[in-house]
Each structure stands twice: as C-alpha cells, then as structure tokens.
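Architecture at a glance
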Amino acid sequence: MERDQHELYEYARKRIKQKKRLYFHFVLLISATLFIFLSTKIMTIDINPNWLILGITIWAFIFILHFIKVYITDRFMNKNWEREQIDRLVSLQEKKINELKTKISEDPTSIK
C-alpha cells in the first residue's frame, strides 16, 4: 500500500471510530435519561428533580461539544488542512527569502 493510500485509510478509520464513539455517546445519553426518568417515576426516590435535570443538561452539553468536535472541528481541520497551512507558511517564508536575496544581489552594501 502506498503512503498516500495508507494515510487516506488511516484517516477514514479514525473518522469512523470518532463517529462510532459519538453514536455510542448519544445512545448512552438517551438510555440514561430514560432510565433516570422512569426510575424516578416508578420508584419513590426522594431526590430533588432539579439535580437530575441539571445532570442531564450538563451531559447533553458535553454531547453537543463532542458532536461539534466530530462533525465540525475535525472535519475541516484535518490532515489536509494542516498540510495546506504548512504549505502556505512555507511559501510565505520562501517568498521573503527570495525578496531578501534579490535585495542583497541588487545592493550588497545594504546588509546591516
């Protein structure tokens, strides 16, 4: 397998693993929410429902952050994005070096 193909395969495998974890997180959140809701309705547990709602809200917020990471951040800021940024910065550096070289070749006494 060539290097580029291997990198594509590894990227695809990583993305699938991320999505699988996200789906598992979602199913766990829904299942736990249903279990907590049903257990408080069936059993007579003397727990303040505000704490349960707060816990579920915090968990849902964490899930939303996980969703953003998988579908927004990692989708756009992947290896290709990193390569493009590196190439852009390298080209800017090369451009500055070439400008300095031309400046030096035009007037060698300007080096200070």
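First things first, this report covers the structure right here in the doc. (Residues numbered from 1 in each chain as written. Predicted model: local features only at pLDDT ≥ 70, side-chain atom pairs only at ≥ 80, totals over all residues. Heavy atoms only, no water.)

1. Quick word on the overall build of the protein
As a reminder of what qualifies: Secondary structure counts use DSSP, requiring at least four H or I residues in a row for a helix and at least two E residues in a row for a strand, with both numbered from the N terminus. In this scheme, a residue with accessible area under 20% of its type's maximum is buried, one over 50% is exposed, and one in between is partly exposed, where area comes from a 1.4 Å probe on protein chains only. In this description, contact between two residues means that some pair of their heavy atoms is separated by no more than 4.5 Å. Using the Shrake-Rupley algorithm and a 1.4 Å probe, accessible areas are obtained, with residue cover drawn only from the displayed protein chains. We count Lys and Arg on the positive side and Asp and Glu on the negative side, and we leave His and both chain ends out. Positions of charges follow a simple convention, taking NZ of Lys, CZ of Arg, CG of Asp or CD of Glu.
Of the regular secondary structure elements, the protein holds three helices and zero strands. Each helix and strand of the protein, placed in order from N terminus to C terminus, yields the pattern α-α-α. With respect to the three principal axes, the spread of C-alpha positions in the protein is 90 × 40 × 15 Å. Put simply, the protein has 112 residues, and 11% of those count as buried. Nonlocal contacts in the protein, meaning residues at least 24 apart in sequence, comprise 81% of its contacts between residues at least 6 apart. Accessible surface for the protein amounts to roughly 10,000 Å². Of this, 66% is attributable to carbon and sulfur atoms. For the protein, the separation between the mean place of its 19 positive charges and that of its 13 negative charges on side chains is 7 Å.

2. A closer look at the packing of aromatic side chains
Note the cut-off: Between rings of Phe, Tyr and Trp, where Trp is taken as its six-membered ring, a pair exists when centres lie within 6.5 Å; planes separated by under 30 degrees are stacked, by over 60 edge-to-face, and by other angles tilted.
Enumeration according to the criterion identifies two aromatic pairs in this entry. Seen from their ring centres, Phe67 and Tyr71 are 5.0 Å apart, and the 35 degrees between their planes marks the pair as tilted. Placement of both Phe67 and Tyr71 in helix H2 (residues 49-76) is noted, with a separation of four residues, approximately one turn of the helix.

3. Brief notes about the pattern of salt bridges
Stated formally: Between Lys or Arg on one side and Asp or Glu on the other, a salt bridge is scored when a side-chain nitrogen of the former is within 4 Å of a carboxyl oxygen of the latter.
In this structure the tally under the stated criterion is one salt bridge. Put simply, Glu10 and Arg13 hold a salt bridge, and the shortest N to O gap is 2.8 Å. One end of the pair, Glu10, and the other, Arg13, are both in helix H1 (residues 3-42), three residues apart, so they sit about a helical turn from each other. What makes Glu10 partly exposed here is its relative accessible area of 28%. In this structure Arg13 comes out as partly exposed when scored by relative accessible area, which is 40%.

4. Focus: the side chain of Gln18
Note the threshold: Pairs of N or O atoms within 3.5 Å make up the polar contacts considered here, provided that, within protein, one atom can donate a hydrogen while the other can accept it, and that residues adjacent in sequence are counted only when both atoms are side-chain atoms.
Note that Gln18 resides in helix H1. Among the polar contacts made by the side chain of Gln18, one reaches the side chain of Arg15 at a distance of 3.0 Å. Discounting residues that sit within four places of it in the chain, Gln18 has contacts with His66, Lys69, Val70 and Asp74.

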